Structures are given as structure tokens and as C-alpha cells.
Amino acid sequence: MKATVIQCGEIGCWETEKKSGIFSLELSLEEPMKVEPGQFITLKPLNPLSVMPRPFSIYAVLFPTNDWVEILFKVVGPNTKAYSELKPDGQVEISRPKGKSIPLDPAAEKYILVGGGIGGAGLMLLATELDKDGKTVDFLLGVKYPSQIFGVDELQNTNCRVQ
């Protein structure tokens, strides 16, 4: 499916001006798609020497329309470098969501989510879904540099705390 770039840029921490090396890519989808916490999408490689689609955890989705998605990624090779240079109105080929959703115990009232580095991005959608269900969430995020902290602003007015 084709997706249109809304914006792409390096994220920064609210406490520091240092660069993080982590990019946010916001995409407008040509048709809505149902996304569940724990699923991922793949992006078609932009490097001509690559053939395998690249998987990315879904960081955020616009509910209830499901026609907008955001991923976070760290630049580590030629494809992620090319993705980091995408401009608004550019096009990229993505897959529909893949993988199984994260199973939850509906009786649990409190959750602790633990993620390291960019791997924590896939827990963000789960944290927001748990908050919608009235659950309390402590999101423990380990990062190498303070500039790589994310999710604080997004979870500011929720029952979720990022530590």
C-alpha cells in the first residue's frame, strides 16, 4: 500500500538540545488499517541494493480514522538513512500491519512496560491503549543518551509515567 509522508525529522529530548539519531516518520495512508499494540509494518527499501522490506514497530495511530501512522527509527544503515531523508508529500510503500497483538490480562489494573532504546517505541501504542482502558502504566525506558528519551510529551496527560 502507498503512504504519503506527512513529516519526517529527528526527535529531540525536552531536556537537551543534543541530537538523538532517532527519527519520527508520520505517514498518511491511502486507506485505513486496523492496528493493534505489538504489530509492525514494513517499508519497502529505498536503497537499490536492498530487496528485503524493513520492519518497524508502530509508535502511534490516529484513532478512530486509522488513516495515519507514526514510526520511530534509528539511522543505522543505508535504508534508514534514506528513510530519514524523506520529505513531505513523498511516497513510500508499506505493508499492512503484521504480527500478533500483545495479549493482556483484562483483570490487571497496573502495568509495567520495559523497553530499551528504539525498541521501546513499539510499547508506546500499548501504553496509550492501556490508558484508554483506565489502566495505570509505568513505562521504563532505557536509553544510551538523554537526547534519546521519547514518549514523555505524548503521555503527559495520561495515567502513564515514563521513567
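As a reminder, the structure under discussion sits directly above these lines.
By convention here, each chain's residues receive numbers from 1 onward along its written sequence. Since the coordinates come from a predicted model, pLDDT governs what is reported: local features require at least 70, and pairs of side-chain atoms require 80 or more to be given and counted, while whole-chain, interface and lining totals use all residues. To obtain the side-chain values, all non-hydrogen atoms of the structure were used and water was disregarded.

Caption draft 1: Helix α2 (residues 121-132), seen in detail. Note on exposure labels: buried denotes an accessible area under 20% of the residue type's maximum, exposed denotes more than 50%, and partly exposed covers the range between, all computed with a 1.4 Å probe on protein chains only. Here a strand is any run of E in DSSP of at least two residues, a helix any run of H or I of at least four, and the numbering for each starts at the N terminus. Judged by how many residues are buried, α2 sits mostly within the fold: 9 of 12 residues are covered. Contacts made by the buried residues of α2 are with β4 (54-61), β5 (68-74), β7 (110-116), β8 (136-142) and β9 (160-162). G134 lies just past α2 and shows a positive phi near 80°. Contacts were defined at the residue level, with two residues in contact if any of their heavy atoms lie within 4.5 Å.

Caption draft 2: Molecular detail of the pairing of β7. Every second residue of β7 is oriented toward a common face, the buried set being Y111, L113 and G115 and the non-buried set K110, I112, V114 and G116. What makes two strands pair is DSSP finding at least two bridges between them. The sheet contact formed by β7 and β8 spans 7 bridges and is parallel. Along β8, the bridge assignment pairs V114 with L140.

Caption draft 3: The sheet that holds strand β6 (residues 91-93), seen in detail. Within the open sheet, the 6 strands sit side by side as β3-β4-β5-β2-β1-β6. Their pairing is antiparallel. Two strands in the sheet have a free side with no partner beyond their single neighbour: β3 (40-43) and β6. On average, adjacent strands in this sheet sit at an angle of 45° to one another, irrespective of strand direction. Bridge count between strand β1 (residues 2-10) and β6: 3 bridges; the pairing is antiparallel. For A3, the partnering residue across the bridge sits in β6 and is V92. Seen against the sheet, α2 touches β4 and β5 and runs at an angle of roughly 30° to β4. Lines fitted to C-alpha atoms define the axes here, with helix axes fitted over just the stretch in contact, and angles between the N-to-C directions of these axes take values from 0 to 180 degrees.

Caption draft 4: How the structure looks around the pairing of strand β2 (residues 22-29). Burial analysis of β2 places 7 of its 8 residues in the buried class, which makes it a mostly covered element. As paired strands, β2 and β5 are joined by 7 bridges and run antiparallel to one another. Within β5, the residue paired with S28 across the bridge is W68.

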